[in-house]
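# Structural overview
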Amino acid sequence: MASTEAPAAVAPAAATERTPFSQHLWQAGTVLALIALIILFGALRPEAFLSFGNVRNILAQIAILAIIAAAQTVVMVVGDFDLSVGVTATLAGATAAALMGDGTSIPLAILAGLVVGTLVGVVNGVLVAYMNLSAFVATLATLTSVGGLAFIVTGGTTLYGMPESFFSIGQSRPFGIPLPIFFAVIVAVAVWVVLRFTTLGRRWYAVGGSAEVARLSGVNVRLARFLAFTVAGFLSAIGGIILVSRLGSASATSANNYMLLAVAAVFLGMTILRSGAANVGGTLVGVGIIGVMSNGLNIVGVSTYFQQVLTGIIIIAAVTLSALKSRDR
Amino acid sequence: MRGRFAKVVGLGLASALALAGCSDSGGGDGGGGDTFKVAAFTAGYGTPVGKSTLDAFVDRGEQLGWDVTLYTSDFDYDKINNDVQSAVTQGVDAILAGFPDPRQIQPIVTAAKDADIPIFAIDGGVEPNDDFVVDITTNQQQIADLTVGALSEAMGGLQGKNVMVIGHDPHVGIATRSRMAEKLLTDGGATIAGGEIKQVLSPGTSQEEALKFVTDYLQANPEGLDGVWVGWDHAAVGATQAINEAGRNDIFVTGVDAVGIALAEIKKNGPFYATVVQDWPGVLDETMQDMQTYADTGDLPEQNFVETDVTLVTRANVNEIKPTDS
C-alpha cells in the first residue's frame, strides 16, 4: 500500500463542533493574515508599499512561485508530496538554456525543457503510483538525481547568451504588466478548472480523501496519482523555463529553493477550505502571503536571515493549522 | 505478474537514473607504488570558478602522471570531510583543498596531520593558516580597493552617495572583501543603503535574490541609491537587471570574478561598471609547481600564504579579458 505524507484531502461537509462564526473565522484565517500583512506594511511604508509599481513588483516576484506551487497543489490534492518540483524546474530551464546555447531554435528548446520536466513527473508517477514507493522517498530520490542532472546539463556553470527574443517570456511587460504574471494566471486558472470541473479533478480529490474508497468507487487510483505527478512535472518545467527567461541565465540550482516555498504556500492554502484539502485559490493566498512578507520586509529593511526565520515560522503555523483542522474532522 | 513487471520497471528506472547521474570523477588509473597520489576536494564544485579550477587541476595532475581523485559537494562540508578522511585512511601523498572554508575542514586537517600528509590550498582563507603547507589566494584588500575605486569613479565620488553592499557571510572571501568595501565606502563618506550589508542566503539563487533586493529597495527609495557593490558577479548581474528594469541609468554596479555573463553586461555600457579578474589559472600554476616540487623532492614551500594580484575589468579592457568560467 502506498503511503502518503500530505494531510488527506477529503470531500467537504465533514462534521465539526465549531459554531458557524468561529468556523468561518477559522477558515478565513489565512486570508485575514494576508490582509493583516498588507495593512501592516502599508502602515509602515504607505508611499512605497501600496503603490501600483510595488503591487506589480510583488506580483512579478511571486508569479513563478505561483506556477510551481500550482504544481505542488495538484500532487497534494491526491494526498502526496513532490519534493522534486524545484529541481525539476531547474533542470527544465537549464535544458532549454543549454539547447538554445547550442543553436537549437527557441520553440524546440522550450519544448525539450517541457518534455524533460514532464519525464521527471512520469518517473515520480511510476515510482509512487505503480511501484508503491512512498512519495517522500521517491521524490527525495529524484530530487537528488535530477539535481545532479542539472549540474551535468549546466556543466556546473551559469548558462547565458540565449537569443534576446527568448527573454521576452520572462521580461516583457504587455500593458505594463510583467508577462510571467499572465502565465501564472493562466496556469492557476487551468489547474483550478481541472480540479473543479473535470472528472479527473474530482478523481484526484477522491483519491486524496481516501484512496481505498476511491478504488472501490471505480476510480483508477494508480492512474490518477501517476497523472498528478506527471502534471506537476510539466507545470514545474513551465516555471523553470520562465525563470531562466526572467533571469537571462540558468544555473544548476536556480529554482531549487522554490520547492519549500511551494509546499508552504499549499499548506497555507489548505486552511481555507473547510475540508482542509489543497486548492488553487488557497495556494494563491499562500503565495501572496510569502510574496508580501518578503517584499514588505525588504522594504522596511529587515535582514534576510530574519526573513528566513519568519518563513519557517509561517510553515510551522500552516502545518499546525492543517493538522488541527484534520484533527477536528 | 504485475509485481514482477513493476520490479523490472523499477530496476530499469533506477539504472537509468544511476547512469544519468554518473559524473566524471578525477580518479586516475590506480597507479603503481611510486605514483604520486593526490586527494583533491572542493565544496564549491557548483560554482563556475570552483569547477573549472578543480577540473583543470585533475587534468593537469593526470598529465603529470599523478593519481588524482576529486571529491566534490555543493557546500556540504560534512560529505567532504567524510570523503577526504576516507581517502587519507586509504593512503594519499598530498591533499589539494580547492576553495575551502578553513573553519569547516578541521576533521580533514586533523586526519592529514596525524598521517603527516601536507595540504596545499587554493583560496583557503584570507590570512596565513598553519593548517596548510601553502595557501595561494588572491588579495582581498586589492579587490575591495579596485572595485570601490571603480564605483567611486562611476558615481563621481563617494561623498554623500548611497551604496548598497551585497555579500554572503558564509563565504570567507566574500565576507572579508564585503567588510573591506563597506569600510572603504563609509570612510569615503558614502552611506550604506539599508544600514547594513545585504546578505544573500544561497549563492545558487543569488542573481534572483539580488534582483529582489535592489527592486524592493528602489521601490521604497527611488532616489536613495547611487551604486551597488556586490561581492561576486552573479549577484551583481541580478542587481544590474533590477536597475535596468527600473529604467535607471544613474546607478552603477561592480562585481567580482569576471564570469562570462558579467563581462557581457559590462560590454553593454549599462549599469554594470566593473568587475575583477582573480587569476585562478595563475594560482593553479603556482600550486601545481609547489606540489610537483614536493612530489619530486619532498620539499615544502617556504611561504605558507601567498596573495596574488587581481586585475580590474572595465569597459576599457573588457574585450581583452577571457571569462573565468569558460
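Presented here is an overview of the structure given in this document. Only a predicted model underlies this, so the values are computations on that prediction, with no experimental measurement involved.

### Considering the overall build of chain A
Each helix and strand counted, chain A has 15 helices and 2 strands in total. For chain A, with 329 residues in total, the buried portion stands at 54%. Long-range contacts, defined here as pairs at least 24 residues apart, represent 79% of the contacts in chain A between residues at least 6 apart. Summed over its atoms, the accessible surface of chain A is roughly 12,800 Å², and 73% of this surface lies on carbon and sulfur atoms.

### Side note on the packing of aromatic side chains
Summed over all chains, the structure comprises 11 aromatic pairs over all chains. Judged by centre distance (6.2 Å) and plane angle (55°), the rings of Phe166 of chain A and Phe167 of chain A are tilted. Note on accessibility: Phe166 of chain A and Phe167 of chain A belong to one class, buried. Centroid distance Phe36 of chain B to Tyr294 of chain B: 6.1 Å. Interplanar angle 65°. Geometry classified as edge-to-face. Placement of Phe36 of chain B in the loop between α1 (2-21) and β1 (37-42) and of Tyr294 of chain B in helix α10 (residues 280-297) is noted, with a sequence separation of 258 residues between them. Given the relative accessible area of 18%, Tyr294 of chain B is considered buried. One aromatic cluster in this structure is built from Phe36, Phe57, Trp66, Phe120 and Tyr294 of chain B. A cation over an aromatic ring shows up here: Lys198 of chain B above the ring of Phe213 of chain B, its NZ or CZ 5.8 Å from the ring centre.

### Considerations on the interface of chain A and chain B
Where interface size is given, it is often the accessible area lost as the parts come together that is meant. With 42 residues of chain A at the contact, the number on the chain B side is 41 residues. Summing both partners gives a buried area of about 3,400 Å² for chain A against chain B, and 54% of it is carried by carbon and sulfur. Counting across the interface, chain A meets chain B through 1 salt bridge. Glu245 of chain B is the partner of Arg246 of chain A in a salt bridge, and the nearest nitrogen-oxygen pair spans 2.5 Å. Counting across the interface, chain A meets chain B through 17 residue pairs in polar contact (both at pLDDT 80 or more). Elements with a minimum of two residues in the side of chain A that touches chain B: α4 (52-77), α6 (106-130), α7 (135-154), α12 (221-247), α14 (280-299) and α15 (304-328) of chain A. When its residues are assigned to classes, the side of chain A that touches chain B shows 15 nonpolar, 23 polar and 4 charged.

About the thresholds
- Residues numbered from 1 in each chain as written.
- Chains lettered and ligands numbered in written order.
- Predicted model: local features only at pLDDT ≥ 70, side-chain atom pairs only at ≥ 80, totals over all residues.
- Heavy atoms only, no water.
- Helix = DSSP H or I, 4+ residues; strand = E, 2+ residues; numbered from the N terminus.
- Buried < 20%, exposed > 50% of the residue type's maximum accessible area, 1.4 Å probe, protein only.
- Contact = heavy atoms within 4.5 Å.
- Areas by Shrake-Rupley, 256 points an atom, 1.4 Å probe, with all protein chains shown as cover.
- Phe/Tyr/Trp six-rings, centres within 6.5 Å; stacked < 30°, edge-to-face > 60°.
- Lys NZ or Arg CZ within 6 Å of the ring centre and 35° of its normal.
- Buried area = accessible area lost by both parts, 1.4 Å probe.
- Salt bridge = Lys/Arg side-chain N within 4 Å of Asp/Glu carboxyl O.
- Polar contact = N/O pair within 3.5 Å; in protein donor to acceptor, adjacent residues only side chain to side chain.
- Nonpolar A, V, L, I, M, F, W, Y, C, P; charged D, E, K, R; others polar.

Honestly, it's all geometry; don't read function into it.
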